[in-house]
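# Coordinate analysis (summary)
Each chain, letter by letter, is given below.
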Number of protein chains: 2
Amino acid sequence: MTLKELRCLLAIVDAELNISAAAEIMHASQPSLSRHLKLLEDELGFQILMRHGRSISGITPAGQEVIRLARRVVNDVASIRAYAANVRGEETGDLVLTTPQTYARHVLPPVLSTLIQRYPRLNVRIQNMGEGAAPERACDNGGDMMLVSTAGDRVPPGVALPLFRWKRMVLVPRGHALARLDRPVALGELARHALVTYESSRRSDSSLCRALSDAGLRARFACSAEDADLIKVYVRAGLGVGLVGELALEPADHQEFVVLPADPALPECVAWAILPTGRVVRDYALDLIQLLAPQLDVDDIRRAVDGSARPAWPRPRLWQSDYEDVGTPVLPSRPISGVTRLPMQTTYLG
Amino acid sequence: MTLKELRCLLAIVDAELNISAAAEIMHASQPSLSRHLKLLEDELGFQILMRHGRSISGITPAGQEVIRLARRVVNDVASIRAYAANVRGEETGDLVLTTPQTYARHVLPPVLSTLIQRYPRLNVRIQNMGEGAAPERACDNGGDMMLVSTAGDRVPPGVALPLFRWKRMVLVPRGHALARLDRPVALGELARHALVTYESSRRSDSSLCRALSDAGLRARFACSAEDADLIKVYVRAGLGVGLVGELALEPADHQEFVVLPADPALPECVAWAILPTGRVVRDYALDLIQLLAPQLDVDDIRRAVDGSARPAWPRPRLWQSDYEDVGTPVLPSRPISGVTRLPMQTTYLG
DNA sequence: GGAGGTTACGTTCAACGTAACGATC
DNA sequence: GATCGTTACGTTGAACGTAACCTCC
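Being a predicted model, the structure only gives us computed values, none of them experimental. Position numbers for residues count from 1 along each chain, tracking the sequence in the order it is written. Ligands are numbered from 1 and chains lettered from A, in the order in which they are written. A pLDDT threshold of at least 70 governs which residues receive local features in this predicted model, and a stricter bar of 80 or more applies before side-chain atom pairs are shown or counted, although totals over entire chains, interfaces and linings include all residues. Hydrogens and water are ignored here; the side-chain numbers use all heavy atoms of the structure.

Once that is clear, we can look at the overall build of chain A. Per the secondary structure count, chain A includes 12 helices and 13 strands. Residue burial in chain A is summarised as follows: out of 350 residues, 52% are buried. Contacts are assigned to residue pairs with any non-hydrogen atoms lying within 4.5 Å of each other. In chain A, of all internal contacts separated by at least 6 residues, the share reaching a separation of at least 24 is 74%. For chain A, the exposed surface amounts to about 15,900 Å²; the carbon and sulfur share of it is 51%. Only DSSP runs of H or I reaching four residues or more are called helices, and only runs of E reaching two or more are called strands; each is numbered from the N terminus. Classification of residues uses two cut-offs on accessible area relative to the type maximum, computed with a 1.4 Å probe and protein chains only: under 20% is buried, over 50% is exposed, and between them is partly exposed. Computed with a 1.4 Å probe, the accessible areas rest on the Shrake-Rupley method; for each residue, only the protein chains presented here act as cover.

So, on to the relation of the copies chain A and chain B. The two copies are related by a screw operation: chain A maps onto chain B through 180° of rotation and 0.0 Å of translation along the axis, at an RMSD of 0.1 Å. Given the turn and translation reported, the copies of this chain are related as if by a two-fold rotation axis. Scanning chain A for the C-alpha nearest the rotation axis identifies valine 73 of chain A, at a separation of 2.8 Å. Looking at the interface residues of chain A, 100% of them are also at the interface in chain B, so both copies use one shared face. Copies are brought into register by a least-squares superposition over C-alpha atoms of residues with pLDDT of at least 70 in both.

It is worth spelling out the sheet that holds strand β8 (residues 194-198) of chain A at this point. All names here are of chain A. Here, strands pair whenever DSSP counts at least two bridges between them. One open sheet accounts for 5 strands, arranged β9-β8-β10-β7-β11; its pairing is mixed. Strands at the two margins of the open sheet, each flanked by one partner only, are β9 (220-225) and β11 (257-261). Strand-to-strand twist in this sheet, taken as the mean axis angle between neighbours without regard to direction, amounts to 30°. Pairing geometry for β8 and strand β10 (residues 241-245), over 2 bridges, is parallel. Bridge pairing in β10 links valine 196 to glycine 242. In the packing of helix α9 (residues 228-236) onto the sheet, the strands contacted are β7 (168-173), β8, β9, β10 and β11, and the crossing angle to β8 comes to about 160°. Angular values range over 0 to 180 degrees, each being the angle between N-to-C directions of two axes fitted as lines to C-alpha atoms, with helices fitted over their stretch in contact.

What follows is about the pattern of salt bridges. Residues and elements named next belong to chain A. We define a salt bridge as a contact between a side-chain nitrogen of Lys or Arg and a carboxyl oxygen of Asp or Glu at a distance within 4 Å. Inspection of every chain in the model, using the stated rule, returns 36 salt bridges over all chains. Between arginine 165 and glutamate 268 there is a salt bridge, with its nearest N and O atoms 2.9 Å apart. Highlighted residues: arginine 165 in strand β6 (residues 159-166) and glutamate 268 in the loop between β11 and β12 (269-275), separated in sequence by 103 residues. Notably, a salt bridge pairs glutamate 256 with arginine 236, separated by 2.4 Å at the nearest N-O pair. Note that glutamate 256 is positioned in helix α10 (residues 251-256) and arginine 236 in helix α9, a separation of 20 residues in sequence. Glutamate 256 gets classed as partly exposed once you look at its relative accessible area, which sits at 33%. Residues joined by salt bridges that share partners form a network here, namely Arg105, Asp229, Lys232, Glu250 and Asp253.

UniProt positions are given in the numbering used here, feature names are shortened, and annotations may be inferred rather than shown by experiment. The UniProt entry lists residues 1-59 of chain A under the feature "domain: HTH lysR-type" (unreviewed entry), expressed in the numbering used here. Segment residues 1-59 of chain A splits into 58% helix and 15% strand. End C-alpha atoms: 19 Å apart.

Written as structure tokens, this is what we have:
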């Protein structure tokens with residue numbers, strides 16, 4: 001069994017069981033992958049993938065488990081590489097973020113700007129994700145970090161770091177019935193209007209629906225989107241009362257809309273960073289977390305990821321709406337890596 | 001980076017940094033290992049091992065971490081192999097047990113006999129271990145399972161399965177002052193005599209010492225051993241009052257000695273099986289656990305090992321001294337493996 | 001000078017890609 | 001007949017072992 005065989009298997013699986021496509025991705029010939037797969041199956045003594053004659057049609061039950069284990073192996077190898085890159089003080093690499101649109105649009109820009117200033121050759125890739133969706137397959141997608149919002153207690157698997165808290169705000173066009181309130185909008189008032197809010201709030205177990213049903217009320221949705229900016233568009237178009245994260249509000253929105261706090265009974269949301277358990281985290285990924293949540297301790301994070309401790313995280317601070325006004329975010333002093341960096345040529349004498 | 005390189009690194013480390021010795025173990029030439037190590041170090045960009053000129057003198061700090069990660073990789077690969085062997089219904093393989101002498105001598109014989117009957121080609125290797133020693137490096141030694149005793153709450157790392165409980169018994173020669181008691185020996189009486197007991201009970205945080213000091217008493221040791229049979233020898237020689245696990249008592253001992261229960265204030269001991277977290281467990285290892293602790297659920301164990309659940313284990317039963325009298329232990333019905341076994345030639349159609 | 005690690009070199013075999021083939025839709 | 005996987009085969013290069021070399025006790 002070789003790493004190459006395992007990587008081929010995963011490539012084939014990730015290419016939706018198309019060997020030719022997987023071969024392209026791996027920059028190898030198709031027969032080569034075919035062969036590696038066969039070798040692996042021969043060694044294990046059973047089929048991993050099911051065949052319809054000559055085409056691959058699925059994964060055997062045992063294959064599922066093999067794939068899970070194979071993923072662990074290649075992740076572990078990636079960890080060694082990442083660790084070495086940290087030791088070398090390498091400042092290049094990939095950073096694959098899976099994040100809801102709201103963070104990508106309203107939280108990450110200044111933060112990533114600072115990060116890229118520090119690591120000019122860093123390659124950040126932002127993968128969009130539904131506001132609250134895909135909590136299960138958290139970090140199995142190979143990404144380095146996932147950002148999620150929760151209002152309840154269901155934290156997805158992996159190492160979950162509470163970054164900051166934020167509140168939802170009510171958004172109505174000037175001249176709307178609620179516009180003259182000048183105080184938090186009560187749950188009852190929310191229930192009386194058609195709402196325009198996040199897709200994820202529509203689920204009956206969402207914090208919004210639960211807060212309303214706890215008060216004996218029920219939400220009525222005019223329209224929902226995954227994207228706070230789209231929500232604004234529909235509020236502007238008069239479809240209903242908007243309910244968005246304060247993160248998404250910019251100065252111009254306060255000009256155009258009337259923005260009111262929501263009933264305090266509507267729970268705060270928490271932004272979490274989810275790190276894959278056991279994988280070594282690159283220094284720049286920790287830097288990103290530091291920028292998002294200065295209250296977190298880097299060593300605590302490392303210990304949590306490698307499983308050697310289960311720290312009690314500090315309560316996250318409230319997000320300040322106009323991040324830029326508070327000054328450009330700063331990076332902690334370097335190096336943050338847990339080990340002393342060795343210049344490559346140094347000969348280590350005992 | 002290849003698996004071979006990682007394996008070479010570990011072989012060198014495990015051969016106490018002697019490449020030549022490691023080469024012998026790996027059935028390869030010494031320059032080959034030397035080369036693999038160099039390739040790995042070149043790829044990582046820093047030294048893993050420290051050199052005094054041409055001899056290897058130690059491990060760099062970063063190297064320690066690389067070794068830790070490398071161990072994880074090769075363990076994970078071993079897991080794939082073990083899983084495949086389970087799927088194939090393979091009944092051959094190694095089972096490396098690390099166990100205190102008492103279990104090896106008094107608990108395992110009938111159990112392993114049954115196991116070997118079921119798996120005639122199984123290769124069991126028993127590694128001796130101090131009665132309570134080496135709790136940290138639990139399963140890092142590459143073994144499949146570790147048996148330990150605890151009387152307190154300090155359970156070593158890994159997946160700890162409570163197998164059974166046992167009590168300590170007081171052992172005195174016929175004619176000894178305590179011999180006519182015919183009732184449990186009180187703590188005060190124990191403290192008045194020189195004791196002959198397990199090495200591990202000598203530690204000031206042992207359950208024996210704690211029980212005595214809680215009663216304002218202090219133990220006096222005449223002699224201690226890791227081996228219950230040695231303890232009997234010294235009791236026979238009149239060195240003091242013996243204190244041994246009931247497991248270690250055989251019919252002949254009741255003839256020769258006077259055996260009395262110890263004060264109930266002396267806590268019961270629990271026998272634990274420690275499995276390495278995350279490693280796939282071979283079916284025969286689970287069978288062994290079943291024989292030792294029929295109350296444990298096989299699927300619970302699998303879930304605990306792969307990290308997908310953290311079951312509440314049932315309270316272990318009390319060990320019965322004369323195991324053989326209760327009948328030969330029986331194995332659960334087969335197959336216990338979590339997956340359907342595939343005959344090797346079967347073509348899986350989707 | 002011996003134990004133990006590195007360098008040099010020739011050989012071998014494993015892995016790759018091209019091309020031909022087969023099967024399935 | 002187009003798509004996709006397998007088999008066949010020739011070539012190349014990576015990895016191994018032997019032997020020579022170095023170097024520190």
